Amino acid sequence: MYLLEIALGLAGLIAGGELLVRGAVAAANRFGVSPLLIGLTLVGFGTSSPELVTSLEAALAGSPGIAIGNVVGSNIANILLILGLAAAVAPIAVAPKAFRRDGAVLALVSIAAVAVLLGGRIDWLTGLAAVAALAVYVVRTYVAERRHHTAAAAVYEAEAESLPAPRIRLSVALGLVTGGLVLTVFAARFLVSGSVTLATALDVPDTVIGLTIVAVGTSMPELVTSILAARRGNSDVALGNIVGSNIFNLLGILGVTAMVQPLAVPAAILALDAWVMLAATAVLLAVAVSGWQISRLEGSAMIAAYAAYTAWLIVQV
C-alpha cells in the first residue's frame, strides 16, 4: 500500500507542478509580464514547487528528515544526476557573464546553508531571513538585467521561451494554477505518508528516504526541463534551470518550511549529506568555469558520482 502511495504521490506532484507552471506562465503572459521576469522566477521556482509542498507537508507531519533531506538531496541530484544527464545528452555551453553572478550566489547560499545546518536547528527567524534574501536576489537581478541587458538576461528569456505557454483565457489559466496547487498538496501528503511507512517497514531512517526517493521524485520537473533544453540545443537553459532551482531550494523551500515549522537537523545530514551537497556545488563551479563548458565526459563522471553516493547511502543503512 505504501508503494502505491509513493507512486501516486510522485505522479501527482509531477502532474500538479506541470499544471501550476502552465497556468502561471499563461496568466503571466495575459498580464503582460516580461519574458525576463518569467524566466527569472517561474522556471527555477515553478519547477521547485513539488519540493516546496513536500517539505512543508513533511515538516507539519513531524518528519524533519524528509523535509530537509528532500532539499539537500534535490540539490545533489540536480547537479550530479540531472545536470550530468543533460551534459551527457549534449555538451553544455556556459555563458561566462551569466554564470559568474548566479554561480557566485549559489556558492554563497550553499555555504550559508551548511553553516545553518551545523547549528542543528532552523528556526522561523532564520527561515524569514532566507526568504528575505531570496526576495532581494530576485529583485536586484531583475532591476540589473532590465537596465543592462546582459548575457544573463538572454538566458532568463530563453528559459521563459522554453516553458509551455498555452494561449488560454485568464480564468482558465487561474483554474490551472488552483488545480495544480490542490493536486500538488494532496500528492505531497500521499508521498510523505508512503515514505514514512516505507522507512518504518524497512527499518531505515526517514532521512535516507528523503535524500533518495523523495528528492529524485520531486526533482522530475527539473529533469524534464533540462533534458529537453539540452536536446533542443539550449544548454544554457538547462544550466540556468538547475542553478536557479538550487538557490530557490535553499532559500525559498527551507526558508518557508522553517517559518511554518522550525526544523531539527538530523545528525546523518550533518555527518555526510550537507558536505556532499557543498562538494557537488564546488564541482559544478569548477567544471563550469574550466573552459566554460560541461562536456559529455564530465557529465558522465557526475552521474557516476551520484550513483556512488546513492550506493553509499544504501550500504550504510
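Every value quoted in this text rests on a predicted model; they were computed, and no experiment measured them. (Residues numbered from 1 in each chain as written. Predicted model: local features only at pLDDT ≥ 70, side-chain atom pairs only at ≥ 80, totals over all residues. Heavy atoms only, no water.)

> Would you explain the nonpolar core in this entry?
Proteins that are soluble and globular tend to have nonpolar side chains buried together. Counting 74 residues, the largest nonpolar core has Ile-68, Leu-239 and Ile-294 as the members making the most contacts within it. Of the residues forming this core, the biggest block, 14 residues, is contributed by helix H4 (residues 64-89). Beyond its immediate chain neighbours, meaning those up to four positions away, Ile-68 contacts Leu-117, Ile-122, Leu-254, Leu-263, Ala-264, Val-265, Pro-266 and Ile-269. (Core = buried A, V, L, I, M, F, W, Y, C linked by side-chain atoms within 4.5 Å. Buried < 20%, exposed > 50% of the residue type's maximum accessible area, 1.4 Å probe, protein only. Helix = DSSP H or I, 4+ residues; strand = E, 2+ residues; numbered from the N terminus. Contact = heavy atoms within 4.5 Å.)

> Please explain the packing of aromatic side chains as it appears in this structure.
The description of an aromatic ring pair rests on the distance of the ring centres and on the angle between the ring planes. Tallied over the entire structure, the rule returns one aromatic pair. With 6.2 Å between their ring centres and 50° between their planes, Tyr-306 and Tyr-309 make a pair best called tilted. Of this pair, Tyr-306 and Tyr-309 both sit in helix H13 (residues 296-316), separated by three residues, roughly a single helical turn. This pair shows no difference in class: Tyr-306 is buried, exactly as Tyr-309 is. (Phe/Tyr/Trp six-rings, centres within 6.5 Å; stacked < 30°, edge-to-face > 60°.)

> Quick question: what am I supposed to make of the environment of Val-256 here?
Note on placement: Val-256 falls in helix H11 (residues 235-260). With near-sequence residues (within four places) excluded, Val-256 lies in contact with Leu-52, Leu-56, Val-131 and Leu-251.

> Teacher, can you tell me more about helix H9 (residues 206-218) here?
One turn of the α-helix equals 3.6 residues, which is why residues spaced by three or four share an orientation. The end-to-end C-alpha distance of H9 is 16 Å, clearly below the 18 Å that 13 residues give at a rise of 1.5 Å each. The element H9 is largely enclosed, with a buried count of 10 among its 13 residues. Among the residues of H9, Thr-207, Val-208, Ile-209, Gly-210, Leu-211, Thr-212, Val-214, Ala-215, Gly-217 and Thr-218 are the ones counted as buried. (Expected span 1.5 Å × (residues − 1).)

> Even after reading the chapter, I still don't get the pattern of salt bridges, so can you show me in this structure?
Opposite charge on two side chains lets them pair, provided their charged atoms get close. This structure, assessed with the given rule, holds one salt bridge. Note that Arg-101 is salt-bridged to Asp-102, the shortest N-O span being 3.2 Å. Given a relative accessible area of 28%, Arg-101 falls into the partly exposed group. Assessed through its relative accessible area of 9%, Asp-102 is described here as buried. (Salt bridge = Lys/Arg side-chain N within 4 Å of Asp/Glu carboxyl O.)

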